[in-house]
Amino acid sequence: MLIGLALALTAHVSTVAKVANSGASPQAAPSLDPQQALWRGVDAGRAQRRVRELVALGPRMGATRSGDAAAQYVSKVFAELGLEVRVIETPERRAWQPLAWTLTARIEGSQEPARKLERAWPWQNSPDAMGSALLALESAQDIAWLTERAGRGASTAAVLLASRPTNSDGTWPIPGRLREGAAQPCFGIAKTEAELLRGWLDSGAKVRIDFELDAETRSAPIRTVVARLPGRRGGEAWKAPYFLFCAHGDADSGGPGADDNASGVATVLEIATAWKRAIEAGASAPAHEVRFAIWGSEIESTRHFLQTRVPADGELLGVLNYDQSGFGSGADQVNIEPDDLPGNVALVNALVAVMRERAPRDASEPGDFPSRFATNKSLGGTDSYVFSGSELFKSRALPAVSVFSSAWGAAGEHKRTAGMPGESWRERDKVRVDYDLYYHSSGDTPENTTDKEPWNMAWCARVGLLGAVRYLEALP
Ligand SMILES: [Zn+2]
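Just so you know, these numbers come straight off a predicted model, no measurement behind them.

## Considering the overall build of the protein
The number of helices and strands found in the protein is eleven helices and 18 strands. Since a compact globule built from 476 residues should have a radius of gyration of about 23 Å, the 24 Å found for the protein is in line with a globular shape. Reported as C-alpha extents along the three principal axes, the dimensions of the protein are approximately 75 × 55 × 40 Å. Of all 476 residues assigned to the protein, the portion counted as buried reaches 56%. Of the roughly 19,900 Å² of accessible surface on the protein, 52% is carried by carbon and sulfur atoms.

Listed below in structure tokens is the structure:
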């Protein structure tokens, strides 16, 4: 992204020069756009702020205290917009949440201050603990066990420090999961932190680990928030046919979850905000009712929703899901997935048509819409697949599509779907899918992801909003 930034700076100068030469005002073009009232209300800075506020609440996992706080947060945003809001609850479920923790290392007898292991993140189901133990590479009674893989067999150690799994370059731990009722806490640490500790041990030093973890396990329902924006067709509240925008509100792995998936939540909130305010300012309502859902728990909540609310709350016309729409480590592109299901073709094409029409000619700095976009085949692993895999969606060929700026933690290259757009910037039989270096790790923070590229969320929101308008206008 650094190279891109340098290019953007030089390109900016040439853009200004071009505009000056042509004599056209940069503000002239948008007034010719009849849909600008809809998409101009999408605000990347507000999405960026909302990601920070959501991440500050904690990992937001379903049925946890921070999950409830996140549900309250999005309910409030929808309600303040003047949208009707419903909260859907699953039956109670056990859930664990870390509240606070510290992990420090020091060499005994040394004047050096203790080193805080900043990137450490507790594994799920770690019990409350506070103590001090000598570090060792083998498990033994009451020691702090530095291990590559935790969770294999019983240990009598006081605390476990697991240097795996990590993100792809080893710089951030990915929190794993202990069985419920585990006796000792386990902290994931970065490979770089583990190397430092091993170096100290190799030098013959006695290394002391001080640890403290305050966690909470409780039984509570998982809360999903749904809001409705009535369409021009009207209909009884919560009974009219509707199109659904959605994103999972939990942090997936239990880490900070900025890109995965506070970015998706912030994107859905931008669509709701821009659309509702544009209607208040005189824009027409959507052809059909539109709803917005923030799932309390990825997959689990969508399954529960599909089983209990469809079709009880009205006929579902299609789904547009956001997951990792705030950052990409290798490229600046938006992807639409999947393009290999018959029910998705019309919606995918509507989204792509929006991007084709609106892609900025000068691709060297982020504009209002992405300059590069692609459609790719089914890769699975997100909420849209719960819908597209259902009998209802298959038998009626209903669309369930995800819009994102990265997927998974490593770059992907997939065979292009025959007859579908593929990549916008080159003609070939493969499609690139960008990745997030911080995927599922304790490094998935706003600083590392959404703060760097807040325009990604705005792109995804504008493309989804205008694509859905186009798709819904064409429906009978
Ligand atoms: Zn996700």
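Read on, since the account is not over.
## Some thoughts on the coordination of the zinc ion
Here the zinc ion is held by the protein donor atoms H248 (NE2), D252 (OD), D260 (OD), D323 (OD) and D323 (OD), which lie 2.1 to 2.6 Å from it. The motif formed by the donor residues of the zinc ion, counted along the single chain, is H-x3-D-x7-D-x62-D. Residue H248 is found in strand 11 (residues 242-248), and its partner D260 is found in helix 6 (residues 258-280); the two are separated by twelve residues along the sequence. Given a relative accessible area of 0%, H248 falls into the buried group.

## Some details on the environment of E193
Position of E193 among the secondary structure elements: in helix 5 (residues 191-202). What makes E193 buried here is its relative accessible area of 11%. Sequence spacing of E193 and K116 is 77 residues, and the spatial spacing of their C-alpha atoms is 9.9 Å. The contact partners of E193, leaving out residues within four places of it in the chain, are L117, E118, R119 and A120.

## Considerations on the environment of R86
Position of R86 among the secondary structure elements: in strand 1 (residues 84-89). For R86, a relative accessible area of 30% gives the class partly exposed. In sequence terms R86 and R223 are 137 residues apart; their C-alpha atoms lie 10.0 Å from each other. With sequence-adjacent residues up to four places away left out, R86 is seen in contact with T224, V225, V226, W238, R309 and D313. Of the polar contacts made by the side chain of R86, one reaches the side chain of D313; its length is 3.5 Å.

The rules behind each value
- Counting of residues starts from 1 at the beginning of each chain's written sequence and follows it residue by residue.
- pLDDT decides what is reported in this predicted model: residues at 70 or higher carry local features, side-chain atom pairs at 80 or more are listed and counted, and totals for whole chains, interfaces and linings draw on all residues regardless.
- Computation of side-chain values: all heavy atoms of the structure, hydrogens and water removed.
- The way it works is that DSSP assigns letters per residue, a run of H or I at least four long becomes a helix, a run of E at least two long becomes a strand, and they are numbered from the N terminus.
- As a reference, a globule follows 2.2 Å times the number of residues to the power 0.38, and the radius of gyration itself is taken over C-alpha atoms.
- Exposure classes here rest on a 1.4 Å probe applied to the protein chains alone. A residue is buried below 20% of its type maximum, exposed above 50%, and partly exposed in between.
- Where accessible areas are quoted, they stem from the Shrake-Rupley method and a 1.4 Å probe; at the residue level, only the protein chains shown are allowed to cover.
- Donor criterion used throughout: N, O or S atom within 2.8 Å of the metal, extended to 3.2 Å for Na, K and Ca. Water excluded; incomplete-looking sites may result.
- Residue contacts follow a heavy-atom distance rule, with two residues in contact if any of their heavy atoms lie within 4.5 Å.
- In the analysis that follows, any N or O atom pair within 3.5 Å is treated as a polar contact, provided that within protein one partner can donate a hydrogen and the other can accept it, and provided that, for residues neighboring in sequence, both atoms belong to side chains.

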